[in-house]
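Take a look at the letters that make up each chain.
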Amino acid sequence: MNRVLILVNITGLIIGISYGLHGPILPVFAKNIIGATYSELGLIGLTNFIPYMFIPLFVGILLDRFNNGYLLAFGTVINSVSIYLLSIAQSVPEIMGFRILTGVAHAFFWPPCEAIISNESTEKNRVKNISWFTMFFVIGFMVGPLLGTVFLEELDITYRILFQITAFILATAIITSILASKRGKKNHHEKFSFSSIKEMKRFPEVIILLIFCTSSFGIILTIYPAFLNDNGMTDTDILYLYFVFGISRVVSLALAGKFARRTSQTLIAATIAVSIGLAMSVVGDSIFVYAAALILMGFGFSIFFPLTLEIILSKTRKGISGKIIGAYETVFGMGWAIGPSIGGPITQSLGDQSPYIVFCIIGIGVTVLAIISRKKLEPEKVLY
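Please read these numbers as outputs of a predicted model, since none were measured by experiment.

It is not clear to me how the packing of helix 8 (residues 126-154) against helix 17 (residues 287-314) should be interpreted in this structure. Could you clarify?
Geometry of a packed helix pair, given as the angle between the helix axes and the separation of the axes. Running from N to C, helix 8 and helix 17 cross one another at 145°; their axes reach a closest spacing of 10 Å. The handedness of the crossing between helix 8 and helix 17 is right-handed. Residues R126, V127, I130, S131 and T134 of helix 8 form the contact with helix 17, whose participating residues are F305, P306, L307, L309, E310, L313 and S314. Here the residues of the contact of helix 8 with helix 17 are counted per class, giving 7 nonpolar, 3 polar and 2 charged.

Is there a simple way to explain the environment of T47 in this structure?
Inspection of the secondary structure assignment puts T47 in helix 3 (residues 38-49). Judged by relative accessible area, which is 10%, T47 ranks as buried. Spatially, the C-alpha atoms of T47 and I361 are 26 Å apart, while their sequence positions differ by 314 residues. Dropping the residues within four chain positions of it, T47 is found in contact with M96, R99 and I100.

Quick question: what am I supposed to make of the pattern of salt bridges here?
Two side chains carrying opposite charge are able to pair once their charged atoms lie near each other. Within this structure, the stated rule accounts for 1 salt bridge. The shortest N-O distance in the salt bridge between K31 and D230 comes to 3.2 Å. With K31 in helix 2 (residues 26-34) and D230 in helix 13 (residues 224-230), the pair connects residues that are 199 residues apart, well separated along the chain. Residue class for D230 comes out partly exposed when judged on its relative accessible area of 42%.

Please clarify how the packing of aromatic side chains should be interpreted in this entry.
For any pair of aromatic rings, geometry is given as the distance between the ring centres together with the angle between the planes. Inspection of every chain in the model, using the stated rule, returns 22 aromatic pairs. Pairing Y242 with F245 gives two aromatic rings, centres 5.8 Å apart and planes at 80°, and the pair type is edge-to-face. In this pair, Y242 and F245 are both assigned in helix 14 (residues 235-254), 3 residues apart and thus about one turn of the helix distant. For the pair Y242 and F245, a shared accessibility class is recorded, and that class is buried. An aromatic cluster is defined as three or more aromatic residues linked by ring pairs; in this entry it consists of Y19, F109, W110, F133, F137, F141, F305 and Y328. Above the plane of the ring of F141 lies R249, whose end atom (NZ or CZ) is 6.0 Å from the centre.

Rules used in this analysis
- Residues numbered from 1 in each chain as written.
- Predicted model: local features only at pLDDT ≥ 70, side-chain atom pairs only at ≥ 80, totals over all residues.
- Heavy atoms only, no water.
- Axes fitted to C-alpha atoms, helices over the stretch in contact; angles between N-to-C directions.
- Helix = DSSP H or I, 4+ residues; strand = E, 2+ residues; numbered from the N terminus.
- Left-handed = near helix turned anticlockwise from the far one by under 90°.
- Contact = heavy atoms within 4.5 Å.
- Nonpolar A, V, L, I, M, F, W, Y, C, P; charged D, E, K, R; others polar.
- Buried < 20%, exposed > 50% of the residue type's maximum accessible area, 1.4 Å probe, protein only.
- Salt bridge = Lys/Arg side-chain N within 4 Å of Asp/Glu carboxyl O.
- Phe/Tyr/Trp six-rings, centres within 6.5 Å; stacked < 30°, edge-to-face > 60°.
- Lys NZ or Arg CZ within 6 Å of the ring centre and 35° of its normal.

Structure (structure tokens):
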């Protein structure tokens, strides 16, 4: 693995730690300290992900024009500031405003990292390199909750101080981002266009699978911690559960190269795993059931990312890969926004188990679609 890939992986690890450190606690903070309802938790999640529906398109265009490492560093700065600001939030609208900043920053994280990795990879090792990067991020996301338990339980700090610590940890990624910028300077300037949207229309089956996956994932990130809290899980229990969730994701990503040999079958298995995990959440009554549900969903959510990206990149000319990555991440943003925006009101109106029932049923339908479309869910070239 070359120096640039190592630096990008370290950046992913640091950002993952910061997300794991504050992400599972934020819904609990908003509900118990600020007094947010489930509908408001959905709105907080929605405002976090709405920028990701649009900003990646523009970032994708910038990726083909500017140094990817500098764009990554810019996103890291915004991200650090947005998380620090959570420590002074006094109302739901304030949290929503700060999460909009986080959503913008996130659009300057994933696409630049993916573009750097794609530029440093061959078709043969691209899935492996993207999986390794995602795995480093997930390892950080897994370690973050453990650090959170130390800070909250052992050091007895407040949620607000936790957000400040998280922001300073995240800020260290600015250094690795800038160091990774020494390569990959752009010598060509393609015209500003939205041709990538037309390119993505070639992959309707992939888009449907992605929207289901990311919508479900959005609920697990924004509403599920509060759901767990209302069902008897303490702050420490929730952080441990997301640690288990992280382990599942790391193991899945470590095996992504092998799974890529059977892309369509793996994606079908992923939709089944997510659907079962959602169903288990409905009937869950102990930390062990919730852990099993998160293990299944961790596999499904994680394996989707490298395999679907490879399907799209393998069928796209390299000259517009930056724009395609931006469009791909925009689909992610759509799903992440749809999940909380639907899940919050459904929970508020029909009960805390209702979003998991609804998305489980949708998952069954998506699984049927994946089975029917399995030939279209294979990369153009399989070089493993």
